[in-house]
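Observations on chain architecture
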Amino acid sequence: MTFLPASRTIDGALSIDASVLTDALPYFSYVDNILHIDGVSSQTLKSHYGTPLYVYSRRALLDNYHAYTQAFDEIEHQICYAIKANSNLAVLKTLADAGAGFDIVSKGELARVLQVTDAKKVVYSGVGKTHDDIEYALSADIHCFNVEAVSELDSISRVAVKLGKTARISLRINPDVDAKTHPYISTGMKDNKFGISHEQAVAAYLHANSLPNLQITGIDCHIGSQLLDAQGFSDALDKLIELIDELSANGITLNHIDLGGGLGVRYIDENPVSVDDYAKLLLPRLKALGLKLYLEPGRSLVANTGVLLTSVDVLKPTEFKNFAIVDSSMSELIRPALYESVMAIIPTDLSKSGDEKVWDVVGTVCESSDFIGKDRLLSLSVGDTLAVTGAGAYGFTMASNYNTRPRPCEVMVNDGAHRVVRKREVLSDLWRDEIA
Ligand SMILES: *Cc1c(COP(=O)(O)O)cnc(C)c1O
């Protein structure tokens with residue numbers, strides 16, 4: 001069966017078949033023409049909580065997690081969810097209870113993890129760790145620092161000596177491979193700020209070996225995000241294996257290899273490599289290596305567990321363009337403005353068809369880059385509710401209060417039940433910490 005949820009009109013407008021799109025999204029479906037998320041009607045959600053509203057499916061999240069654990073069950077592994085994709089405590093708790101560890105990039109993210117579990121399965125990535133960050137993470141006894149610069153080794157060693165602790169470390173290698181993704185989310189090429197170059201890696205490990213209170217445990221890389229093709233991962237694995245061999249010739253043995261995150265998802269009609277095919281491609285080499293595997297998926301665990309529900313407030317046809325002004329904006333969902341991401345915008349009520357027009361779906365923020373989607377063929381009336389799918393990753397975590405807008409409510413649904421997992425901000429929250 002060909003998967004054709006989207007087509008372009010002769011004018012280039014994007015037309016999405018909402019039923020076909022949701023058929024491929026587990027736990028999302030239309031019941032009597034109304035979009036339901038794991039058995040809960042979007043109309044019920046809107047009347048309970050209002051819009052803009054982030055809604056996450058707990059069961060979809062668990063299924064996505066188990067797709068990884070099952071795909072790699074032949075080898076010892078630990079999935080460390082990259083929490084910057086969606087750091088709501090309910091998401092973290094769901095995954096922690098299922099056995100996930102976490103990949104963090106800041107002290108704040110570690111503090112979040114500590115609200116739901118301990119730091120035993122935490123790996124700490126990030127290019128600019130301060131002494132304070134290192135001290136916090138060492139005191140919490142994280143599993144491992146993913147070290148991104150030689151000077152960071154000195155800092156971690158110094159703090160570890162001061163605290164009388166041993167810091168487990170892994171070096172994040174920049175394998176210089178082309179992830180073939182948007183340049184803003186590509187991280188594994190030699191002109192990116194991330195990681196230690198392949199050429200410097202052996203010297204960096206030897207340096208680590210000479211420093212007190214460090215225990216070398218692994219090697220890692222993370223080459224980018226929203227990779228649709230597995231070739232970049234495969235190339236990166238080859239580069240790391242080369243290094244592991246060189247290290248062992250230098251007397252340095254490792255316990256784990258961490259291949260980062262980055263697996264892409266289908267937002268509309270992309271065809272990302274599946275977790276199973278990704279695993280099949282890498283497993284023969286990983287088995288031969290015999291090291292414990294760590295993975296740091298973010299987007300692929302959460303993106304398609306979530307939608308952003310938003311209401312149409314104003315319809316403004318002009319001579320050149322038709323604008324549908326909705327109650328979400330770049331403040332609530334910045335991906336379209338930041339990366340020119342094209343996300344699906346679908347009606348939540350399919351009974352109201354007819355009179356389709358081409359709309360730019362935009363927010364009210366005072367920036368021309370403030371759009372959710374451009375040139376969309378939709379049948380719209382004021383008061384309609386739209387759903388932006390794929391909004392479970394890099395949605396709420398990137399939300400801001402720009403234009404003094406309260407951040408949305410977040411709700412988790414689970415087999416017909418729904419509950420608030422973050423209250424909508426109220427106006428007084430917006431200046432709570434300010435002093436006039
Ligand atoms: C962002 C990030 C991830 C997760 O990337 P996804 O594309 O969301 O899977 C994993 N590891 C590191 C170091 C990251 O910075």
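Note that this is a predicted model, so its numbers are computed, not measured. (Residues numbered from 1 in each chain as written. Predicted model: local features only at pLDDT ≥ 70, side-chain atom pairs only at ≥ 80, totals over all residues. Heavy atoms only, no water.)

1. Some thoughts on the overall build of the protein chain
Each helix and strand counted, the protein chain has twelve helices and 23 strands in total. Here the protein chain has a C-alpha radius of gyration of 23 Å; the compact-globule value for 436 residues is 22 Å, and the two agree. For the protein chain, the C-alpha atoms occupy an extent of roughly 70 × 60 × 40 Å along the three principal directions. Buried residues in the protein chain amount to 55% of all 436 residues. (Helix = DSSP H or I, 4+ residues; strand = E, 2+ residues; numbered from the N terminus. Rg over C-alpha atoms; globule rule 2.2 N^0.38 Å. Buried < 20%, exposed > 50% of the residue type's maximum accessible area, 1.4 Å probe, protein only.)

2. What about the environment of Gly392?
Of note, Gly392 is situated in the loop between strand S21 (385-389) and strand S22 (409-414). Taking relative accessible area as the criterion, Gly392 reaches 1% and is therefore assigned buried. With 307 residues separating them in the primary sequence, Gly392 and Ala85 have C-alpha atoms 7.8 Å apart. Residue contacts for Gly392: discarding those within four places in its chain leaves Tyr56, Ala85, Asn86, Val302, Ala303 and Gly306. (Contact = heavy atoms within 4.5 Å.)

3. Topic: the nonpolar core
Ranked by internal contacts, the top residues of the largest apolar core, which has 128 residues, are Phe72, Phe145 and Leu259. If we ignore the near neighbours within four places in the chain, the residues touching Phe145 are Tyr124, Lys129, Ile134, Ala137, Leu138, Ile156, Ala167, Arg168, Ile169 and Ser170. (Core = buried A, V, L, I, M, F, W, Y, C linked by side-chain atoms within 4.5 Å.)

4. Section: the pattern of salt bridges
This model, assessed by the stated rule, comprises 22 salt bridges. Between Lys107 and Asp132 there is a salt bridge, with its nearest N and O atoms 2.7 Å apart. Placement of Lys107 in helix H5 (residues 107-116) and of Asp132 in helix H6 (residues 131-140) is noted, with a sequence separation of 25 residues between them. Among the ionic pairs, Arg432 bridges to Asp433, the shortest N-O distance being 3.6 Å. For the pair Arg432 and Asp433, a shared accessibility class is recorded, and that class is exposed. (Salt bridge = Lys/Arg side-chain N within 4 Å of Asp/Glu carboxyl O.)

5. Brief notes about the domain arrangement of the protein chain
According to the domain assignment, the protein chain contains domain 1 (7-57 + 303-429) and domain 2 (59-302). At the junction of the two partners, domain 1 supplies 33 residues and domain 2 supplies 25 residues. Interface of domain 1 and domain 2: buried area, both sides summed, is about 2300 Å²; carbon and sulfur atoms make up 53% of it. Counting the surface domain 1 buries against domain 2, the share from its top three residues, Tyr27, Tyr339 and Tyr394, is 25%. Its salt-bridge partner being Asp38, residue Arg59 comes within 2.7 Å of it at the nearest N-O pair. Taken together, the links from domain 1 to domain 2 amount to 15 residue pairs in polar contact (both at pLDDT 80 or more). Residue assignment for the side of domain 1 that touches domain 2 shows that the elements contributing at least two residues are strand S2 (14-16), strand S6 (53-57), helix H12 (335-339), S22 and strand S23 (417-422). (Domains from an automatic or database assignment. Buried area = accessible area lost by both parts, 1.4 Å probe. Polar contact = N/O pair within 3.5 Å; in protein donor to acceptor, adjacent residues only side chain to side chain.)

6. Examining the packing of helix H3 (residues 58-71) against helix H4 (residues 89-98)
Where H3 contacts H4, the two axes come as close as 10 Å, and the packing angle between them is 45°. Accordingly, the angle class assigned to the pair H3 and H4 is oblique. When you trace H3 past H4, the crossing you get is right-handed. Of the residues in H4, those in contact with Arg58, Leu61, Leu62, Tyr65 and His66 of H3 are Val91, Thr94, Leu95 and Ala98. Looking at side-chain class alone, the contact of H3 with H4 contains six nonpolar, two polar and one charged residues. (Axes fitted to C-alpha atoms, helices over the stretch in contact; angles between N-to-C directions. Parallel < 35°, antiparallel > 145°, perpendicular 65-115°, else oblique. Left-handed = near helix turned anticlockwise from the far one by under 90°. Nonpolar A, V, L, I, M, F, W, Y, C, P; charged D, E, K, R; others polar.)

7. Looking at the packing of aromatic side chains
If you walk through the whole model with that rule in mind, you get six aromatic pairs. The interplanar angle of 80° and the centroid separation of 6.0 Å between the aromatic rings of Tyr54 and Phe396 together place this pair among those described as edge-to-face. Within this pair, whereas Tyr54 is found in strand S6, its partner Phe396 is found in the loop between S21 and S22, the two being separated by 342 residues in sequence. The exposure classification of Tyr54 matches that of Phe396, with both residues buried. By the ring-pair criterion, three or more aromatic residues cluster together here, those being Tyr54, Tyr56 and Phe396. A cation over an aromatic ring shows up here: Lys107 above the ring of Tyr136, its NZ or CZ 5.3 Å from the ring centre. (Phe/Tyr/Trp six-rings, centres within 6.5 Å; stacked < 30°, edge-to-face > 60°. Lys NZ or Arg CZ within 6 Å of the ring centre and 35° of its normal.)

8. Side note on the environment of Gly416
Inspection of the secondary structure puts Gly416 in the loop between S22 and S23. Exposure remark for Gly416: the relative accessible area of 41% places this residue in the partly exposed category. Sequence-distant contacts of Gly416, that is, excluding residues within four places in its chain, are made with Asp38, Gly39 and Val40.

9. Structural notes on helix H8 (residues 198-210)
Among the residues making up H8, those that are buried are His198, Ala201, Val202, Ala204, Tyr205 and Ala208. For H8, the elements touching its buried residues are helix H7 (150-163), strand S11 (167-174), strand S12 (196-197), strand S13 (214-220) and helix H9 (231-249).

10. What about the site of the ligand?
Taken together, 14 residues are adjacent to the ligand, and Lys84, Ser225, Glu296, Arg299 and Tyr394 come closest. At 2.3 Å, a side-chain N or O of Ser225 approaches an oxygen atom of the ligand. Alone, the ligand offers 390 Å² of accessible surface; in the complex the protein occludes 94% of this. A class-by-class count of the residues in the shell around the ligand yields three nonpolar, six polar and five charged. (Near = heavy atom within 4 Å. Areas by Shrake-Rupley, 256 points an atom, 1.4 Å probe, with all protein chains shown as cover.)

11. Considerations on the pairing of strand S20 (residues 371-378)
Most of S20 sits inside the fold, with six of its eight residues counted as buried. Where strand S19 (residues 357-362) lies against S20, five bridges are found, and the strand directions are antiparallel. Across the sheet, residue Trp359 finds its bridge partner in S20, namely Arg376. (Pairing = 2+ DSSP bridges.)

12. Section: the sheet that holds strand S4 (residues 34-37)
A sheet is described by the order of its strands in space; here three strands give the open sequence S3-S4-S5, paired in antiparallel fashion. Both outer strands of the open sheet, strand S3 (28-31) and strand S5 (40-41), are each paired with one neighbouring strand and no more. Alignment of S4 against S5, held across two bridges, turns out to be antiparallel. Looking at the pairing, His36 lines up with Ser41 of S5.

13. Regarding the UniProt feature "modified residue: N6-(pyridoxal phosphate)lysine" (unreviewed entry) in the protein chain
Here, the residues flagged by UniProt with the feature "modified residue: N6-(pyridoxal phosphate)lysine" (unreviewed entry) are Lys84. Residue contacts for Lys84: discarding those within four places in its chain leaves Val105, Glu109, Tyr394 and Thr397. (UniProt positions renumbered as here; feature names shortened; annotations may be inferred.)

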